[in-house]
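One-letter residues, chain by chain:
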Amino acid sequence: MNTKILNSITYIQNQNKFSGSILVKDDKEILTEVSYGYANRSEQIENSPFTRYGIASGCKLFTSIAICQLVEGGKLTFETKLEDCLNFSFPKFDKDITIQHLLTHTAGIPDYFDEEVMDDFEELWVKNPMYHIRSLENFLPLFQNQPMKSKVDERFHYNNAGYILLGLIVEKASKLQFTVFEENIFKKAGMTNSGYFEFDSLPKNTALGYIDLPNGTWKTNIYSLPVKGGSDGGAYVTVNDMANFWDSLINNQLLSEEYTNMLLTPHVPTNEENHFYGYGVWIEKNDDEINKYHIMGYDPGVSFHSGYYPKTSIKTVICSNKSKGAYAIMKGIEAEI
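The rules behind the values
- Residues numbered from 1 in each chain as written.
- Predicted model: local features only at pLDDT ≥ 70, side-chain atom pairs only at ≥ 80, totals over all residues.
- Heavy atoms only, no water.
- Axes fitted to C-alpha atoms, helices over the stretch in contact; angles between N-to-C directions.
- Helix = DSSP H or I, 4+ residues; strand = E, 2+ residues; numbered from the N terminus.
- Parallel < 35°, antiparallel > 145°, perpendicular 65-115°, else oblique.
- Left-handed = near helix turned anticlockwise from the far one by under 90°.
- Contact = heavy atoms within 4.5 Å.
- Nonpolar A, V, L, I, M, F, W, Y, C, P; charged D, E, K, R; others polar.
- Buried < 20%, exposed > 50% of the residue type's maximum accessible area, 1.4 Å probe, protein only.

A. The arrangement of the packing of helix 1 (residues 3-16) against helix 9 (residues 326-334) in detail. Where helix 1 meets helix 9, the closest approach of the two axes is 9 Å, and the angle between their N-to-C directions is 155°. On the basis of the axis angle, helix 1 is roughly antiparallel to helix 9. As helix 1 runs across helix 9, the sense of the crossing is right-handed. Where helix 1 abuts helix 9, its residues I5, S8, I9, I12, Q13 and N16 lie against A328, I329, G332 and I333. Class assignment for the residues of the contact of helix 1 with helix 9 results in 6 nonpolar, 4 polar and no charged.

See below:
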């Protein structure tokens, strides 16, 4: 164990009561592996490295890999237009939207949860009960008839709806249910404990997500999210599975070297200096050198960060079953590596 990293994590955990699991490792050894808090508060079942956690938008990278596999297999191209991929009606969408635009959040389409105008994810389910959301098609009425938010390729605008469309494209091109296609990716990556699980039939060792309320009480997130995650977010992973995923991706076990490089290319600048977006992955640069590839996810009762640092081959995974906490832990780790 790396004492400096562990001391930094311990200090931060004492400040924010982080609940979850943390793994830091390089190609040779585990630098830190530690868990805090409860996977189930009522039964006082503790979190552990074997606990499965929801990772919200962290799994957009899995969706991008699925698209790249289909492009590599000749089923699609990055220039294929949305209207040529799906038979659903999008009456107000621009006809020039391509898969490339959807992958890089530059399509300009409306989002079903627009982080620029909405703060509370739970607002979505007042008129559209979350217990009805069990497939990708169930999301379409939330955005398919709305006008464009901006012109195609005008700017980067983080967009969940675009990744719902990508998942539907995967289903049509592969003739498989999206989560079934993704299971093949997990299998290749050695992610034996990961999957897309339904809230009302969670497997063992799965953490419940907790929302802490201002009065000191709490509730689980079972009424705050769709029943089952999909192509824009909602998979469950363990910290070790996530580390296995980075190894498989970087070593070209999920895609050929050519398509792995395309996935990890900084395609568009984001709204933060020296930060870019590839296909489903955030990229941090210093001049012309890439410092970090990373993914993250936030939902009610979920906070998640995971990164790969190419200079050192270090992988970090921070999974939390609370709405906040993963970011502070990540920054504390980065200060020591």
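On we go.
B. Summary view of the environment of L165. With respect to the helices and strands, L165 occurs in helix 5 (residues 160-174). Classification of L165 as buried rests on a relative accessible area of 0%. Sequence separation between L165 and F139 is 26 residues; the distance between their C-alpha atoms is 9.5 Å.

C. Geometry of the environment of N160. In this structure, N160 sits in helix 5. A relative accessible area of 5% means that N160 is categorised as buried. Sequence separation of N160 and K60 is 100 residues, and the distance between their C-alpha atoms is 8.9 Å.

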